[in-house]
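Observations on the model geometry
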Amino acid sequence: MTTVASLVPYLGGALALSGVAVAASRRRELRIRWCAWAVGVPSVTGAFWLGRPGAAAVAVAVGVIAVLEYGGLTRLGRADRVVLAAAVAGVVLAAWLTPGEVLRVAAVGALALAAVPLLAGDADHGLRRLGAGLLGLAWLSPLAALVPLGGSGLALFVAVSIADIVAYFAGRRLGGPRLSPLSPAKRWSGTLAGAVAGLGVLAVLSAFSWPMAAAVAVGAPAGDLLESMIKRGARVKDAGRWLPGSGGLLDRIDSLLVALTVLLVLR
């Protein structure tokens, strides 16, 4: 079983090597992005080191921020966002405190999301609000899986992140057919190269299994395309602007969210 302690040397080494490469590149945008990673990676790793309470705290914080960004993309009102944030946080806390009640809590959250437009009598936009709310709950609730996964969840995030980076640069270098009209810059060549890199990371971190492999190779690209579809509908490039060099938080975890969903289904 992959533990947080076993990942620390790899994460520290990866940060150090990438820092040297970024410094050598002399590209300002890469330096800004690396600084964000240099703060975020130790913080998240330290939280996971604390076990389930730390993982739950990270998942709740990430979930609430992601809801705010998602609500902006889908034009959800304040009441819808508050209920959605409470529903996602409730599922995460249930995964920590009462694992056997996760599905029940998710169902209560879905009913609460339906109640908001119903009680408001919103005949014009109620269906859109309900659909966006339920999609948000289904998309973001898998963050709860980080609580029981622990070190394996952290390893999955590392593998997905490396796969995304390799897919981007390999796709630009190799070219070839586009992966989907939803994201014209992404190529099948890059997706395959990213999948190979992600699987290699899982093997190095002693976290390789067929469900994890499917999560990285299939779930991660699907998650990226799902966010691309939502952003295209909103006619925006990034989910947010507050994260240096990366846009919004959803832009960093979109692949992880569907990867976690695939892992949950296969496990």
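Use the structure listed above.
Read on for a plain summary of the structure. The shown structure was predicted, so the numbers you read here are calculated from the model rather than taken from an experiment.

1. What to know about the packing of aromatic side chains
Counted according to the given criterion, the structure contains 4 aromatic pairs. Seen from their ring centres, Phe-208 and Trp-210 are 5.5 Å apart, and the 75° between their planes marks the pair as edge-to-face.

2. Overview of the packing of helix H8 (residues 151-174) against helix H9 (residues 188-204)
In contact at an axis separation of 7 Å, H8 and H9 are set at 150° when each is read in the N-to-C sense. Of the possible angle classes, the one that applies to H8 and H9 is roughly antiparallel. Note that H8 runs across H9; the crossing there is right-handed. In contact with Ala-155, Val-158, Ala-159, Ile-162, Ala-163, Val-166, Ala-167, Ala-170, Gly-171 and Leu-174 of H8, H9 contributes Ser-189, Gly-190, Thr-191, Ala-193, Gly-194, Ala-197, Gly-198, Val-201 and Leu-202. A class-by-class count of the residues in the contact of H8 with H9 yields 13 nonpolar, 6 polar and no charged.

3. Thoughts on unusual backbone geometry
Residues other than glycine predominantly adopt negative phi, and peptide bonds predominantly adopt the trans conformation. Of note in the backbone geometry, Arg-75 takes a positive phi value of approximately 60° without being a glycine. Checked against the element boundaries, Arg-75 lands in the loop between helix H3 (52-73) and helix H4 (78-97). Here Arg-75 falls in the exposed class, since its relative accessible area comes to 56%. Look at Ser-206: it is not a glycine, yet its phi comes out positive at around 55°. Looking at the secondary structure, you find Ser-206 in the loop between H9 and helix H10 (210-234). In this structure Ser-206 comes out as exposed when scored by relative accessible area, which is 60%.

4. Some remarks on H3
Between its first and last C-alpha, H3 extends 31 Å over 22 residues, near the 32 Å set by a 1.5 Å rise per residue. Phi turns positive, to about 60°, at Arg-75, one or two residues after H3.

5. Quick word on the pattern of salt bridges
Under the defined criterion, the tally for this structure stands at 7 salt bridges. For Asp-80, the salt bridge identified is with Arg-129, shortest N-O distance 3.0 Å. Remark: Arg-129 occurs in helix H6 (residues 126-140) and Asp-80 occurs in helix H4; sequence separation between them is 49 residues. For the pair formed by Asp-80 and Arg-129, the shared burial category is buried. The salt bridge involving Asp-251 is made with Lys-231; its shortest N-O contact spans 3.0 Å. Of this pair, Asp-251 sits in helix H11 (residues 250-266) while Lys-231 sits in helix H10, and the two are 20 residues apart along the sequence. You'll find Asp-251 and Lys-231 in the same group, each marked buried. Shared partners join several salt bridges into a network, and the residues in it are Asp-80, Asp-122 and Arg-129.

What counts, and where the lines are drawn
Residues numbered from 1 in each chain as written. Predicted model: local features only at pLDDT ≥ 70, side-chain atom pairs only at ≥ 80, totals over all residues. Heavy atoms only, no water. Phe/Tyr/Trp six-rings, centres within 6.5 Å; stacked < 30°, edge-to-face > 60°. Axes fitted to C-alpha atoms, helices over the stretch in contact; angles between N-to-C directions. Helix = DSSP H or I, 4+ residues; strand = E, 2+ residues; numbered from the N terminus. Parallel < 35°, antiparallel > 145°, perpendicular 65-115°, else oblique. Left-handed = near helix turned anticlockwise from the far one by under 90°. Contact = heavy atoms within 4.5 Å. Nonpolar A, V, L, I, M, F, W, Y, C, P; charged D, E, K, R; others polar. Buried < 20%, exposed > 50% of the residue type's maximum accessible area, 1.4 Å probe, protein only. Expected span 1.5 Å × (residues − 1). Salt bridge = Lys/Arg side-chain N within 4 Å of Asp/Glu carboxyl O.

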